[in-house]
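Each chain, written out:
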Amino acid sequence: MPIEEVEDPRKHFFIITAGFFHGIVEVLESLGLKPGLDFACSPDFKDVSELLELRNLASTVLISSSDYRDTARARSSEAGGGLYLLNLEDGDLSCVYSGSTRQIIRIPEDRLAAVDYVSKELLFFDSSFSITKRIDVGHPNACGITFSEDLGFLYVLNAGRDTLAIYDLESCSFVEELPIGRSTTSEGLHHFNDVTIYEGTLYLSYFLWSGYFKQGVFDGGVAAWDLTVPKPSLTPLISQLW
């Protein structure tokens, strides 16, 4: 029924079930109806509304990509990996660092830090994305990175070694490497990926817990590593994820 055929719209509550709802909202408001009081969108379109807001957001996003530039390899692309700036307003994408990076974090003095796991380097960038410091991490497959403001340490996860390497930010020096997974190769590794720190606890995502992905077992998830105790142990929090 067209809205014009409704005798007294104020006697009704309208639920909008169309994805492109802005025009309908304008019509209802022109009739003196108020959102939330006289009409509302179906909850099914909450995500649609938020996506529309993102698409109209004038902002620039920094994206980290782990792609290889060599198209003969798996997980490769013609553009290759590195750090990219995406302008949400016009869709322009520009590369500010060419390499293979995973996580990127903010560190003091308006700087950024990331790990290139192919060149095996811990990289420090200034606000113009110029590299100000390189540290050799010694091994490939370093992925996740986070920073503790309380301790002044950078923590770097290695997906191929099940280890957590610690670096002192002030001196840009290596402190130690801690085993946080399996110390033998009799079972597969956890393949830790990304990491973040909150109130003294590291939260780490992992590809699998059992190590038996070659047998078709995919039990990934999130684990916690308490930095406030002398000898922390890894505690799984979320499991059985793909």
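The structure under discussion appears in the preceding block.
Residues numbered from 1 in each chain as written. Predicted model: local features only at pLDDT ≥ 70, side-chain atom pairs only at ≥ 80, totals over all residues. Heavy atoms only, no water.

**Considering the nonpolar core**
Right, on to step 1. With 16 residues, the main nonpolar core has Ile107, Leu122, Phe124, Ile145, Leu154 and Tyr167 as its most contacted residues.
Right, on to step 2. Every element with two or more residues in this core is listed here: strand S6 (101-107), strand S7 (111-116), strand S8 (121-125), strand S10 (142-148), strand S11 (153-158) and strand S12 (163-168).
Right, on to step 3. Looking at which element gives the most residues to this core, the answer is S10, with 3 residues.
Right, on to step 4. Apart from residues lying up to four places away in sequence, Leu122 is in contact with Ala114, Val115, Lys133, Arg134, Ile135, Val137, Ile145, Leu154 and Tyr167. (Core = buried A, V, L, I, M, F, W, Y, C linked by side-chain atoms within 4.5 Å. Buried < 20%, exposed > 50% of the residue type's maximum accessible area, 1.4 Å probe, protein only. Helix = DSSP H or I, 4+ residues; strand = E, 2+ residues; numbered from the N terminus. Contact = heavy atoms within 4.5 Å.)

**Side note on the side chain of Asp219**
Right, on to step 1. Counting through the fold element by element, Asp219 comes out in the loop between strand S15 (201-206) and strand S16 (220-226).
Right, on to step 2. Leaving out residues up to four positions away in the same chain, Asp219 has contacts with Tyr206, Phe207, Leu208, Trp209, Ser210, Gln240 and Leu241.

**Some points on the packing of aromatic side chains**
Right, on to step 1. Inspection of the entire model under this criterion finds 8 aromatic pairs.
Right, on to step 2. Their ring planes at 55° and their centres at 5.2 Å tell us that Tyr206 and Trp209 sit as a pair that is tilted.
Right, on to step 3. Three or more aromatic residues joined by ring pairs make a cluster, and in this case those are Phe192, Tyr206 and Trp209. (Phe/Tyr/Trp six-rings, centres within 6.5 Å; stacked < 30°, edge-to-face > 60°.)

That is the geometry; function is a separate question.
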